[in-house]
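Residue-level listing of the chains:
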Amino acid sequence: MSTPMAWEKCCFFDPDFGFPFHTDPGTLLPGLQTADTVSTVFVSQQGATNVPTVVNSTWVNGLDATSSVLMHNAVMNYFVTNESIGAGTDWVITFPTKRFHIQTAIPTPPFTETFTADGACEPVGLAIWNREERAQTGGLDFSPQPPGGNALCWETNVITFNNSSVLGSALELNVDTSSVGPDGWMRLSFVNSIDDDHQLASLEGNTFFGLPAIGFATQEYVNGVDQAGVLINYGGMFDHAFSRQISGSGT
């Protein structure tokens, strides 16, 4: 699995005076929505030539600038659920700016759904491979299935594999990997050839595809105790790998 590297910058400045935005204790500001309206994103691989690209963009507001540096068209990471070592894996995927984009009756890009009792469900695509790169056979769905199909409905989402439930989230979505085996990796896509609604366009016409997402995978290995009665359980946290898709004059 390739791991695209990205460097991004989006700073919090007072728009009237042009220096760092500081507020006294007791206020919720500065926030993600009060960033400077200019963003710089470095993409390590872009287009057929895979030439590193720097994308400078200007935005109508600070919220879109913040969302732009977090925009990804796909999330990738490993899963391990081998029963012989008591392994389990959960993914956490968070949309830090989502609440600001869905505060009104009509959500603002790149989000497309308003908040209901079932959340604000944004459709995603799933694909998994085992360690030998064999892909899953047949369809791949979350269980329980969110309204409208495979989707992430909350600002913070937990995906577990083979019901391992490492974090014990009440709202977790399970992925059955039995078609490829207990271990491998998954790509979760926010963009596909049919639905390209997940996009954010700058004033220059730079279009960022996907959703503003961050997160990590957490794994546990439950091996009981050794002969001296000492626990030999292990755990770890692993950052997600992300990819970007950007088009426009700045790319």
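Scroll up to find the structure this text is about.
Here is a short report on the structure shown in this document. Residue positions within a chain follow its written sequence, with the count starting from 1. pLDDT decides what is reported in this predicted model: residues at 70 or higher carry local features, side-chain atom pairs at 80 or more are listed and counted, and totals for whole chains, interfaces and linings draw on all residues regardless. For the side-chain quantities, the full set of heavy atoms in the structure was used; hydrogens and water were omitted.

## Observations concerning the pairing of strand β8 (residues 125-130)
Part 1 of the argument: Only protein chains enter the accessibility calculation, which uses a 1.4 Å probe. A residue is then buried if its area is under 20% of the maximum for its type, exposed if over 50%, and partly exposed in between. The secondary structure listing takes helices from DSSP runs of H or I that are at least 4 residues long and strands from runs of E that are at least 2 residues long, numbered from the N terminus. Across the six residues of β8, five count as buried, placing the element largely inside the fold.
Part 2 of the argument: For β8 and strand β13 (residues 183-189), the ladder comprises six bridges, and the chain directions are antiparallel. Each bridged residue has a counterpart across the sheet, and for G125 the counterpart in β13 is S189. Strand pairing is assigned whenever DSSP detects at least two bridges linking the two strands.

## Quick look at the environment of E220
Part 1 of the argument: Tracing the backbone through its elements, the reader meets E220 in strand β17 (residues 214-221).
Part 2 of the argument: Note: C-alpha distance between E220 and S164 (56 residues apart in sequence) is 9.3 Å.
Part 3 of the argument: Contacts are assigned to residue pairs that have any heavy atoms within 4.5 Å of one another. Beyond its immediate chain neighbours, meaning those up to four positions away, E220 contacts G86, A87, G88, V166, Y234 and G235.

## Concerning the layout of surface pockets
Part 1 of the argument: In this analysis a 1.4 Å probe is tested at points of a 1 Å grid over the protein atoms alone, and where it fits but cannot get out there is a cavity; an open set with protein on both sides within 12 Å along at least five of seven lines is a pocket; lining residues have an atom within 4 Å of a point. Grid points are joined across faces, edges and corners, and a volume is the space filled by probe spheres set on the points. Estimated volume of the second largest pocket: approximately 230 Å³.
Part 2 of the argument: In terms of residue count, the dominant contributor to the lining of the second largest pocket is strand β11 (residues 156-161) (three residues).

## Things to note about the packing of aromatic side chains
Part 1 of the argument: Classification of ring pairs uses Phe, Tyr and Trp, with its six-membered ring standing for Trp, and accepts pairs whose centres are within 6.5 Å; under 30 degrees between planes counts as stacked, over 60 as edge-to-face, and the remaining range as tilted. Overall, the coordinates contain seven aromatic pairs when judged by the stated rule.
Part 2 of the argument: Where F79 meets F161, the ring centres are 4.9 Å apart and the plane angle is 10 degrees; that geometry is what we call stacked. Pair noted here: F79 is in strand β5 (residues 74-80) and F161 is in strand β11, with a separation of 82 residues, a long-range link. The pair F79 / F161 is uniform in exposure class, with both members buried.
Part 3 of the argument: Measuring from ring centre to ring centre gives 5.9 Å for F95 and F190, while their planes differ by 65 degrees; the resulting arrangement is edge-to-face. With a gap of 95 residues between them, F95 in the loop between β6 (87-94) and α2 (98-101) and F190 in the loop between β13 and β14 (199-201) connect regions that are remote in the sequence.

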